[in-house]
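Reading the structure
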Amino acid sequence: MARFTVIACAVLLLLASGCTAAPSLSSPPATAPVTPPVIQSTTPPAASAVPAPQPVPARPSAPSADPEAFSVLATQAAGDSLDLIDPGNVTDPVVASVVVGQAPWDVAVSGTRAFVSTAEGVAVVDLVERRRMSLIPYANPADSISQGEYRPGGTGIAVSADGSTVYVAVLRADGTSALEKMDVQEGRTIGTVEVGLRPFDILLSADGSEVYTIDHDSFSVHIVTTETLAVRRIEVAPFGTQGGLASWEKPHYGAIDDAGNLLLPYQGLALAIVNPASGAVSVEEMTANSHQHGTALVDGTLLVIGTGAFGNATGSPNLTVRDTETNAERIVPLGRLHETVVPWTDPVTGKDYAILSGGYTRDGFWSGVTLVDLETFEQQELAVPGRPQSLAVIPAAP
């Protein structure tokens, strides 16, 4: 696989979404009948065998006093901080932690600043000085501060290339959601628009003209024009919407390919490809057979986390490594549950990895991340506190 090139203007994140209905609703049994999608592509080549996980040898870490000692960020979903991580130091990966606000969810990066969606507001973090510069309040504030999958507050977040504007989904206590547009310099929300239910992932188009909300509980994507906040809705439901809020076959996270299409994996069985301009949705087959969460795309390789048997998915936790040109997939078994994934290239060795967060939104989460070598598929667990949920990679210096 080609070495990753980290884009200097934005970091692909995968935002964490829940998979169940609201607490007052019952989840469907794993055997609930689901209408299969109409697959519009040929079946990909069979997955190759994967070697058993082996420890990845640690390489010497840069000293923690070095301002470039960390290259990955992780939100502490069960705490109030953003962890600054050196994944190359497998024995002591956390270089520093910055208090950002209660129940941080997602993180986006522009230049030397990070933007974190918390239950209280959007934290603006100076990564050089390792401090919170400000906390921008929501126009739709939470009545009370809490943690967990259903807590009110900010969820998916994206930032403009110049770092001047933030777009954040905000979940209200009544279950509805809004997209807020924030002016970073002014420190306030300058526009808001209604979107779908619980959009835990937000994607920004390459030219910055549109924001896409991945609406978990309403089987939809909302396309928002960043300048005017004009909004359009596209339904994306390759397995139908019969289960409603209690369905397992709902969108979670997505990625944008070079053509500007949205790639949304479902259940390790179907990949929905959404054309934002036309609204057309096509479907390709996947082979992981595992309820899918975190998604990332880099150099034509799609990385998707599978969390096991839910709904019409009957397999085990795994990581899909998919070539988007040939549709060939490698399915990597995982011994733990994970939520989001980012690609990372070790600046010392040049090796390519996938980093998976242990802060799964349901039972089974753990305080750590898993480092997966994308050549050998060897795995190493790194201890990271606070139920790390969302990850972002620091752009490489030019």
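Everything below is about the structure shown above.
Residues numbered from 1 in each chain as written. Predicted model: local features only at pLDDT ≥ 70, side-chain atom pairs only at ≥ 80, totals over all residues. Heavy atoms only, no water.

To continue, consider the sheet that holds strand β3 (residues 94–99). Paired through their backbone hydrogen bonds, the strands of a sheet run either parallel or antiparallel. Taken in spatial order, the four strands make up an open sheet running β3-β2-β1-β28, and their pairing is antiparallel. Taken across any chain shown, the strands that pair with only one partner, and hence form the sheet edges, are β3 and β28 (388–393). In this sheet, neighbouring strand axes are inclined to one another by 25 degrees on average, regardless of whether the strands run parallel or antiparallel. Pairing of strand β2 (residues 81–85) with β3, which is carried by five bridges, proceeds in the antiparallel orientation. Residue Asp83 lies in a different strand from β3, and its bridge partner there is Ser97. (Pairing = 2+ DSSP bridges. Helix = DSSP H or I, 4+ residues; strand = E, 2+ residues; numbered from the N terminus. Axes fitted to C-alpha atoms, helices over the stretch in contact; angles between N-to-C directions.)

To continue, consider the sheet that holds strand β13 (residues 210–215). One open sheet accounts for four strands, arranged β12-β13-β14-β15; its pairing is antiparallel. Only two strands of the sheet have a single partner each, and these edge strands are β12 (199–204) and β15 (231–235). Strand after strand, the sheet turns through a mean of 20 degrees between neighbouring axes, direction not considered. In terms of strand pairing, β13 meets strand β14 (residues 220–225) through six bridges, oriented antiparallel. Its bridge partner being in β14, Glu210 is matched across the sheet by Thr225.

Looking now at the pairing of strand β20 (residues 292–298). For β20, a buried count of seven out of seven residues is recorded, marking the element as mostly surrounded by other parts of the structure. Sheet topology places β20 next to strand β21 (residues 301–307); five bridges connect them, and they run antiparallel. The residue of β21 that forms the bridge with Val298 is Thr301. Remark: two residues form the turn of the hairpin made by β20 and β21, two consecutive strands paired antiparallel; Asp299 in that turn has positive phi of roughly 50 degrees. (Buried < 20%, exposed > 50% of the residue type's maximum accessible area, 1.4 Å probe, protein only.)

The full count for this structure, using the stated rule, is three aromatic pairs. Geometrically, the ring pair formed by Trp105 and Phe200 is stacked, given 5.0 Å between the ring centres and 15 degrees between the ring planes. Pair noted here: Trp105 is in the loop between β3 and β4 (106–110) and Phe200 is in strand β12, with a separation of 95 residues, a long-range link. Each member of the pair, Trp105 as well as Phe200, is classed as buried. Each ring, one from Trp344 and one from Tyr353, has its centre 5.6 Å from the other, and the planes form 35 degrees; the classification is tilted. Taken as a pair, Trp344 and Tyr353 share a single burial class, namely buried. Over the aromatic face of Trp366 sits the side chain of Arg336, whose NZ or CZ is 4.3 Å from the ring centroid. (Phe/Tyr/Trp six-rings, centres within 6.5 Å; stacked < 30°, edge-to-face > 60°. Lys NZ or Arg CZ within 6 Å of the ring centre and 35° of its normal.)

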